[in-house]
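For reference, the chains in residue letters:
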Amino acid sequence: MPDPQLVLAARVQAALSAAFGPSYADADPVIRPSQFADLQANVALPLAKKLGRKPRDVAEEIVANLDTAGVVSDVQVSGPGFINLTLSDAWIAAEAQRALEDERLAVPAADKPQKVVVEYSSPNVAKEMHVGHLRTTIVGDAIARILAFLGHEVVRDNHVGDWGTPFGMLIEHLLDLGEDAAARDDSSVSDLTAFYQAAREKFDGDERFADRSRKRVVALQAGDAETLRLWNVLVEVSKRYFNAVYTRLGVTLTDDDIKGESFYNDLLAPTVQELEDKGIAVISDGALCAFPPGFTGREGEPLPVIIRKSDGGYNYSTTDLATIRYRVDTEHVDRMIYVVGAPQSLHFQMVFAVARMAGWLNEEVRAEHAQIGNVLGTDGKILRTRAGGTVKLSELLDEAAERAGAEFDKIQHDEPFDDATRAAIVQAVGMGAVKYADLSVARDSEYVFDFDRMISFNGKTGPYLQYAAARIRSIFRRGGLSPEDATGPITLGHPAERALALELLGFGAALKQAGDTAEPHRLASYVYAVADDYTTFYENCPVLKAPDETTKASRLALCAATLRTLETGLHLLGVPTPERM
Ligand code: ARG
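Since this is a predicted model, take the numbers as computed values, not measurements. (Residues numbered from 1 in each chain as written. Predicted model: local features only at pLDDT ≥ 70, side-chain atom pairs only at ≥ 80, totals over all residues. Heavy atoms only, no water.)

(A) Highlighting the site of the ligand. Around the ligand, the structure places Glu-119, Ser-122, Asn-124, His-133, His-159, Tyr-316, Asp-320, Tyr-338, Val-340, Gln-344 and Phe-348. Between Glu-119 and the ligand, the recorded distance is 2.7 Å, taken from a side-chain N or O atom to a nitrogen atom. Between a nitrogen atom of the ligand and a main-chain N or O atom of Ser-122, the distance comes to 3.0 Å. Coverage of the ligand by the protein chains reaches 88% of its 350 Å² of free accessible surface. Every element with two or more residues in the shell around the ligand is listed here: helix H13 (316-329) and strand S10 (335-341). Its residues assigned to classes, the shell around the ligand comprises four nonpolar, five polar and two charged. (Near = heavy atom within 4 Å. Polar contact = N/O pair within 3.5 Å; in protein donor to acceptor, adjacent residues only side chain to side chain. Areas by Shrake-Rupley, 256 points an atom, 1.4 Å probe, with all protein chains shown as cover. Helix = DSSP H or I, 4+ residues; strand = E, 2+ residues; numbered from the N terminus. Nonpolar A, V, L, I, M, F, W, Y, C, P; charged D, E, K, R; others polar.)

See below:
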């Protein structure tokens, strides 16, 4: 348990219990970062109120009972009663050494591993993915990777929109173009935006086509075999496209993770039945509705979740309720994380509320909407092309790689690269730039898609972090060593060595926080902090030219531990790390 915060919390709790009695053994010691030491315990202030004593006296009494052995080198009471705690160099060095020797960098696995569904990406069949999907895909993938590393059983779930009324017109349009157009990968079909728009135009302008389309929806819903076969042709075209995007981005989703809306089709009727049997779903204005408590409209009228429309059709919400029921009853999950855009927030709040009424969700089984903020252009408006159209994802990624190439040529390289190697590195830099930019911002805040900012080798960017890792590798190459051979022992002399080693001990805490809150930006910030501390270390502490062999061995070990922390952290964010740059 190398996390300094936890170690100190345990020591202060023991002191509280020794000083004020066992009932204080699990009081929050209020450990916070400190300006004057490594950390500070602020518990004396709230405690003093409770005990009716002076905070400073309470602080002194805690300190008198504090076991500092092996961990704390200095304790000071300051201000009204803050307890400033300085960790001992020997403890930091020993814990950094332990991390270095451990294949998980001493990151503890979760005490209670859970089965977690991470639902993300979830694009729509026969429609192009947009930047919103790009963001849910990138953030969701990082959440899935982080939770798996922490020892949870992660079920990746791509809830693609592959069902509903538009499929009538899409199938009829496919028939008009001829199925072989899909087989040939003809652009009339594979350009999904054009395909969808053409179908839409015919539907709006041609009454006979619209009629055929409506009949086709009925046939699809009735499970007509030929219609399902045609529907599947469209699904396959879209899957090819999704997979091309995922491969390019290095996203871990595969076809096996797809459980689209259609998957729940047969479960809709029994789900609705259960809601009716439990008295949760009632007829209102001809539609079957649930009214979760606490949701009201402008006039204070109760807001419904429509479960079955008056024409007998089911809704987006019905599918989501069937999905929750399936995950609880069949998949037995403990936690469901929906990585979906913020505009769907009310939808999820209401669906979750109905699921709680039905008893599917409760204290043991949690569902949470990991909200994703909108992606804006540099003009502060929803990202659009110059012509005002929706931005095509593939073109956006092409541009990222192209710009990454231009920036890449400006930095100093280890050696000249042949074209193929350069192209592979540049691709990794471009994708890493886009991904890290997405991940470094709190996921629920809006973010401005700005190539100039994200593809820079300076600042809080993917390329800066990739370059930092590659530069550590190049030190080892220059020294004729491999990072695995750097075994220390780690000793701490210079303050920059100490700061770096201490930072490395925070990896587990950063991961745990990112996993608990489903907020990868916490890991993104941590990785950046490591690179930052490493830069200071590198500027102050010569490694290959260290003054003596002991110092050199220790510094090489710090380099190796930093390298693995950076590479593991970036890997868990889904940011690739080229070995040479
Ligand atoms: N396909 C939807 C969209 O593109 C997202 C699905 C979100 N997930 C869900 N369970 N409703 O907006």
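After that view, the rundown keeps rolling.
(B) Highlighting helix H18 (residues 462-478). Counted at 1.5 Å a residue, the expected span for H18 with its 17 residues is 24 Å, and the 24 Å between its end C-alpha atoms agrees. The N-capping residue of H18, defined by a side-chain oxygen 3.1 Å from the backbone nitrogen of Tyr-464, is Thr-461. Looking one or two places after H18, you find Gly-480, whose phi comes out positive at around 65°. (Expected span 1.5 Å × (residues − 1).)

(C) Layout of the pattern of salt bridges. A full pass over the atoms with the stated rule returns 38 salt bridges. Where Arg-580 meets Glu-415, a salt bridge forms, and the shortest distance between an N and an O atom there is 2.5 Å. With Arg-580 in the segment after helix H22 (549-573) and Glu-415 in the loop between helix H15 (393-408) and helix H16 (419-440), this residue pair connects regions lying 165 residues apart in the sequence. Here Arg-580 falls in the partly exposed class, since its relative accessible area comes to 35%. (Salt bridge = Lys/Arg side-chain N within 4 Å of Asp/Glu carboxyl O. Buried < 20%, exposed > 50% of the residue type's maximum accessible area, 1.4 Å probe, protein only.)

(D) Spotlight on the packing of aromatic side chains. Tallying each qualifying case throughout the model produces 17 aromatic pairs. Measuring from centroid to centroid gives 5.8 Å for Tyr-264 and Tyr-326, while their planes differ by 75°, and the two rings are edge-to-face. Linking Tyr-264 in the loop between helix H11 (225-249) and helix H12 (268-277) with Tyr-326 in helix H13, this pair joins segments that are 62 residues apart in sequence. There is no split in this pair, since Tyr-264 and Tyr-326 are both buried. For the ring pair Phe-457 and Tyr-467, a centre distance of 5.7 Å and an interplane angle of 80° mean the geometry is edge-to-face. With Phe-457 in the loop between helix H17 (451-454) and H18 and Tyr-467 in helix H18, this pair connects stretches of sequence that are ten residues apart. Classification of Phe-457 as buried rests on a relative accessible area of 7%. The structure contains a cluster of three or more aromatic residues connected by ring pairs, namely Phe-263, Tyr-264 and Tyr-326. (Phe/Tyr/Trp six-rings, centres within 6.5 Å; stacked < 30°, edge-to-face > 60°.)

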